[in-house]
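Coordinates in review
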Amino acid sequence: MTRFVSVAPERLERWLAGFGERHGSTSYDVTPSRVTVEAEDGSRAEIDVPFGPLEELTPDGLVAHVLVERRLGLLLVRRGGYGAGVFEGTKLVSSKVGSRHVQGTTKAGGWSQQRFARRRDNQAREAFAAATEVAVRILAPARLDVLVCGGDRKAIDTVLEDPRLKAIRPLVRPPFLGVADPKQKVLEQAGVDARAIRIELTDPPASD
């Protein structure tokens, strides 16, 4: 069986040690983009290197890499809200969240439906324009090392198309975060999730 766990960067070294304690002696296959840990009992842990590539291709190199204090930008956009933040390590140093009303779908038909659709599209454009202005104000001047996005992919693409955000587009890295309408607490939790190490665990083969 395969499952996923998320581990804070500060806990990764201890987690790896515990994996060996639980499953027996371990061996590592380390590449710039992925680290695979095989245990004596057949268990496996696979880690996509966050904010790679990994330069020192060792387990200690991975731990040191995830503990680097990066200036991380966060951009969250949905039809109903948006948020942008800058983190230095675990500390949120700059942020702004906001909301715009965008009507939901309707069962009306004919001319009413067309008018409703136009109004809804206009509201969405206004919401994305507001999100863009916040991204320009908070993220563009922040000298980011990496940018993590979340919410609605189409909305994010729309915001990042703005020429004023050209310099930060190449900084986008996974994960893409699924979030509720961005409020301050959602933004803060997204910062935790963006830093977390995602580990794919595979259980040992079943005994006959």
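One structure accompanies this document, and this report is about it. Throughout, a residue's number is its position along its own chain's written sequence, starting from 1. For a predicted model such as this one, the threshold for reporting local features is a pLDDT of at least 70, and the threshold for listing and counting side-chain atom pairs is 80 or more; totals across whole chains, interfaces and linings nevertheless cover every residue. In computing side-chain properties, one takes all heavy atoms of the structure into account and sets aside hydrogens as well as water.

Time to look at helix 4 (residues 153-160). For each residue, the accessible area found with a 1.4 Å probe, counting protein chains only, is set against the maximum for its type, and the residue is called buried under 20%, exposed over 50%, and partly exposed in between. Numbering goes from the N terminus for both helices and strands, where a helix is a DSSP run of H or I of at least four residues and a strand is a run of E of at least two. Among all positions of helix 4, only Ala155, Ile156, Val159 and Leu160 are buried. Within helix 4, the buried residues cover an arc of 130° as seen down the axis, which keeps them to one side. Away from its buried face, by an angle of more than 90 degrees, helix 4 presents the exposed residues Arg153 and Lys154. Polar contact criterion, stated in full: a pair of N or O atoms within 3.5 Å, where within protein one must be able to donate a hydrogen and the other to accept it, and residues adjacent in sequence count only if both atoms are side-chain atoms. A side-chain oxygen of the first residue of helix 4 lies 3.2 Å from the backbone nitrogen of Lys154; this N-cap is Asp152. This arc describes the spread of directions from the helix axis toward the C-beta atoms.

Here we take up the side chain of Asp162. Looking at the secondary structure, you find Asp162 in the loop between helix 4 and helix 5 (184-195). Looking at Asp162, the relative accessible area reads 16%, which means it is buried. Any two residues having at least one pair of non-hydrogen atoms within 4.5 Å are treated as being in contact. Excluding anything up to four places from it in sequence, Asp162 contacts Thr132, Val136 and Arg169.

This part takes up the sheet that holds strand 6 (residues 81-88). An order of 7-6-5-8 is seen for the four strands of this open sheet, with the pairing classed as mixed. Pairing within the sheet leaves two strands with one partner each, and these edge strands are strand 7 (91-99) and strand 8 (146-151). Adjacent strand axes in the sheet meet at a mean angle of 10°, parallel and antiparallel pairs treated alike. A pair of strands counts as paired when DSSP detects no fewer than two bridges linking them. Alignment of strand 6 against strand 7, held across eight bridges, turns out to be antiparallel. Paired with Gly81 across the two strands is Ser99, which belongs to strand 7. Taken strand by strand, helix 5 contacts strand 5 (71-78), strand 6, strand 7 and strand 8, and its axis lies near 130° from that of strand 5. Only the stretch in contact is used when fitting a helix axis, every axis being a line fitted to C-alpha atoms; angles between N-to-C directions are given from 0 to 180 degrees.

With that settled, consider the pattern of salt bridges. Any Lys or Arg side-chain nitrogen found within 4 Å of a carboxyl oxygen on Asp or Glu counts as a salt bridge. In the structure shown here, the tally under the stated rule is eleven salt bridges. We note a salt bridge from Arg14 to Glu21, for which the minimum N-O separation is 2.8 Å. Residue Arg14 shares its accessibility class with Glu21, and that shared class is exposed. A salt bridge links Arg164 to Glu133, with the nearest nitrogen and oxygen atoms 2.7 Å apart. Separated by 31 residues along the polypeptide, Arg164 in the loop between helix 4 and helix 5 and Glu133 in helix 3 (residues 110-138) bring together distant segments of the chain. Of the residues examined, Arg164 reaches a relative accessible area of 43% and is grouped as partly exposed. Accessibility expressed as a relative area gives 42% for Glu133, which makes it partly exposed.

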